[in-house]
Structure formats: structure tokens, C-alpha cells
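Summary of structural features
Residues per chain are reported as follows:
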Amino acid sequence: MRVTDWDALIDRDTILQTIATLIKDQSTSVFESQSRCGDGTCIDVEVIARGITIDGQGLVYCTSRDITERRRAVELIKEAEMLLRTSFDTIDEAFVIYDQEDKLVYCNDKYRHVYASVAHLMVPGASFESLIRAGAEQGDYLEAVGRVDAWVAERLAAHRKGNIRLVQRLRDGRVMHIIERQTPAGHTVGFRVDVTELYQAKEAAEAAN
């Protein structure tokens with residue numbers, strides 16, 4: 001039998017070229033493919049192929065490992081991640097996750113909309129401190145005006161304490177209710193809820209009184 005008789009994924013020319021290269025260079029290649037079984041079904045495999053020479057003859061030594069379950073597990077993880085991302089993008093609240101080192105893992109579009117002036121900085125790996133400092137320096141947070149460094153230090157202390165609720169007033173007049181919780185693994189999960197209308201109603205009632 002030839003390799004092309006059982007490999008169901010890679011075309012014949014590529015297989016022959018790979019074999020020739022491995023023998024010529026005495027090199028090793030690791031790749032994924034599909035093997036056709038005796039009953040006609042196909043399984044996902046990881047192949048390790050190495051060019052060797054025995055008694056002056058160039059050969060290719062191969063091992064194949066069934067990775068069907070690993071592939072299935074990877075697909076399930078991808079589906080779960082997609083479901084979570086879709087869910088967070090669908091909800092009508094700003095959502096964000098930071099890792100154990102306060103580096104941005106994920107935020108939805110609503111979160112970027114809340115802090116639009118620094119949305120371009122919201123990339124995976126950006127630090128929480130760099131994002132709030134950038135916003136403070138642009139005057140986004142009313143409490144930070146004229147005292148950026150002090151405000152950043154206060155906000156960082158509250159953030160790192162975890163499990164907090166606080167109110168944040170933005171320069172465009174919006175009032176955000178911030179909720180942050182720490183997971184058992186040390187990630188920080190946060191929501192930003194727009195409570196502007198609630199506070200306006202409260203202030204109007206207090207003014208009337």
C-alpha cells in the first residue's frame with residue numbers, strides 16, 4: 001500500500017514531495033491529517049514523520065496518533081467561547097474581564113462605547129491602569145479632573161480589593177454604576193450599568209424637596 005491509499009486529506013503530489021524532502025534533508029515533520037480505516041471511516045491523526053537512512057536506503061519513519069477526541073474537545077471549547085462572547089455582546093450592559101495581572105482579556109462593544117475615547121487602546125493584554133489613566137488624562141472622569149495621579153491610585157486600590165460597587169460620573173453627563181467581582185481563579189469580572197436617568201430623577205426629587 002502507498003501512503004496515498006490511507007491518507008484521506010493530503011493530496012498525492014504533496015505527500016510525495018514531503019517524503020522526498022524528509023529523505024533528502026533527514027528532517028522531521030509534525031502535522032495533522034486524516035487516515036482512512038479498513039472499514040472506510042476516517043479518523044483525525046497527528047503524524048510525526050522523520051527521514052532516516054538504513055543500509056544506504058532513504059526511508060521515512062512515521063508514527064500516527066488518533067487525535068479525534070482532542071479535536072472534539074477543542075471544538076467544544078471553541079463553541080463554548082463563542083457562546084459566551086455572543087451572550088456578552090447581546091446583553092445590554094458593558095462587560096469586561098481582566099486576568100490575575102489586571103491585563104484585559106475581553107470586553108464587549110457596549111464597554112467600548114462607554115469609554116469611547118480610549119476604545120482604541122482596549123486590546124487583549126492592555127493593563128487596567130493604562131486604560132483608566134488614559135481616560136483620566138483626557139478628562140473622562142469628573143472625579144479625576146485636577147488630580148489624575150491621586151484618582152488613579154484610589155481607583156486601582158478599589159479595583160484590586162475586588163467585590164466592589166461604586167458610582168462613576170463621566171464628563172458627558174452619564175452616571176455609571178460599576179460592579180466588579182473576583183473569580184476563584186483571580187480574574188476580575190466587571191459590569192458598567194448606565195444609571196443616568198435614575199440619578200437625574202433622584203436629583204430632581206431632592207431639588208423639589
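Residues numbered from 1 in each chain as written. Predicted model: local features only at pLDDT ≥ 70, side-chain atom pairs only at ≥ 80, totals over all residues. Heavy atoms only, no water.

Quick look at the side chain of S33
Mapped onto the elements, S33 comes out in strand β1 (residues 28-36). A distance of 2.9 Å separates the side chain of S33 from the side chain of D7, its partner in a polar contact. Sequence-distant contacts of S33, that is, excluding residues within four places in its chain, are made with D7, L9, I10, I43, D44 and V45. (Helix = DSSP H or I, 4+ residues; strand = E, 2+ residues; numbered from the N terminus. Polar contact = N/O pair within 3.5 Å; in protein donor to acceptor, adjacent residues only side chain to side chain. Contact = heavy atoms within 4.5 Å.)

A few points about the sheet that holds strand β3 (residues 57-66)
Taken in spatial order, the three strands line up as β1-β2-β3 in an open sheet, and their pairing is antiparallel. Edge positions in the open sheet fall to β1 and β3, since each of these has one partner strand only. Across the sheet, the mean angle separating the axes of adjacent strands is 35° when strand polarity is ignored. The sheet contact formed by strand β2 (residues 42-54) and β3 spans 10 bridges and is antiparallel. Bridge assignment links T53 to a residue of β3, and that residue is G58. Each of β1, β2 and β3 touches helix α2 (residues 12-25); the most contacted strand, β3, lies at about 120° to it. (Pairing = 2+ DSSP bridges. Axes fitted to C-alpha atoms, helices over the stretch in contact; angles between N-to-C directions.)

With respect to the pattern of salt bridges
Taken as a whole, this structure holds 18 salt bridges when the rule is applied. The salt bridge involving D149 is made with R133; its shortest N-O contact spans 2.8 Å. Taken together, the residues span a long stretch of sequence, with D149 in helix α6 (residues 148-161) and R133 in helix α5 (residues 128-137) at a distance of 16 residues. We classify D149 as exposed; its relative accessible area is 52%. For R133, a relative accessible area of 24% corresponds to the partly exposed category. (Salt bridge = Lys/Arg side-chain N within 4 Å of Asp/Glu carboxyl O. Buried < 20%, exposed > 50% of the residue type's maximum accessible area, 1.4 Å probe, protein only.)

Points about the environment of E32
Summarising the element assignment, E32 is placed in strand β1. In the structure, E32 is positioned 34 residues away from D66 in sequence and 9.9 Å away in space, judged by C-alpha atoms. Within the structure, the side chain of E32 is placed 3.2 Å from the side chain of R70, a separation counted as a polar contact. Within the local environment of E32, its side chain forms a polar contact with the side chain of R71, the two groups lying 2.7 Å apart.

Section: a nonpolar patch on the surface
A cluster of nonpolar side chains, M1, V3 and W6, forms an exposed patch at the surface whose accessible area comes to about 330 Å². Here M1 shows up in the segment before α1 (3-6). Take M1: its relative accessible area is 81%, and that puts it in the exposed class. (Patch = residues over 30% accessible without salt bridge, like charges linked within 9 Å, V, L, I, M, F, W, Y side chains within 5 Å. Areas by Shrake-Rupley, 256 points an atom, 1.4 Å probe, with all protein chains shown as cover.)

Topic: the side chain of D140
Within the secondary structure layout, D140 lies in the loop between α5 and α6. Looking at D140, its side chain comes within polar contact range of the side chain of S117, at 2.4 Å. Discounting chain neighbours no more than four positions away, the residues touching D140 are S117, G135, R169, L170 and R171.

Structural notes on the sheet that holds strand β5 (residues 104-107)
Within the open sheet, the five strands sit side by side as β5-β4-β8-β7-β6. Their pairing is antiparallel. For this open sheet the edge positions go to β5 and β6 (164-169), each flanked by a neighbour on one side alone. The sheet shows a mean angle of 20° between the axes of neighbouring strands, direction not considered. As judged from the seven bridges shared by strand β7 (residues 175-182) and strand β8 (residues 188-194), these two strands associate in the antiparallel manner. Bridging across to β8, R181 finds its partner in V189. This element, α6, spans β4 (94-98), β6, β7 and β8 of the sheet and lies at about 150° to β6.

Re the nonpolar core
Considering soluble globular proteins, one finds that nonpolar side chains tend to be buried as a cluster. If you look at the biggest cluster of nonpolar residues, it comprises 24 residues, and the most contacted ones within it are Y98, Y111, Y115, M122, I132, Y141 and W151. Broken down by secondary-structure element, the contributors of at least two residues to this core are β4, β5, α4 (109-114), α5, α6 and β7. In this view, I132 contacts Y141, W151, V152, R155 and L156; residues no more than four positions away in its chain are not counted. (Core = buried A, V, L, I, M, F, W, Y, C linked by side-chain atoms within 4.5 Å.)

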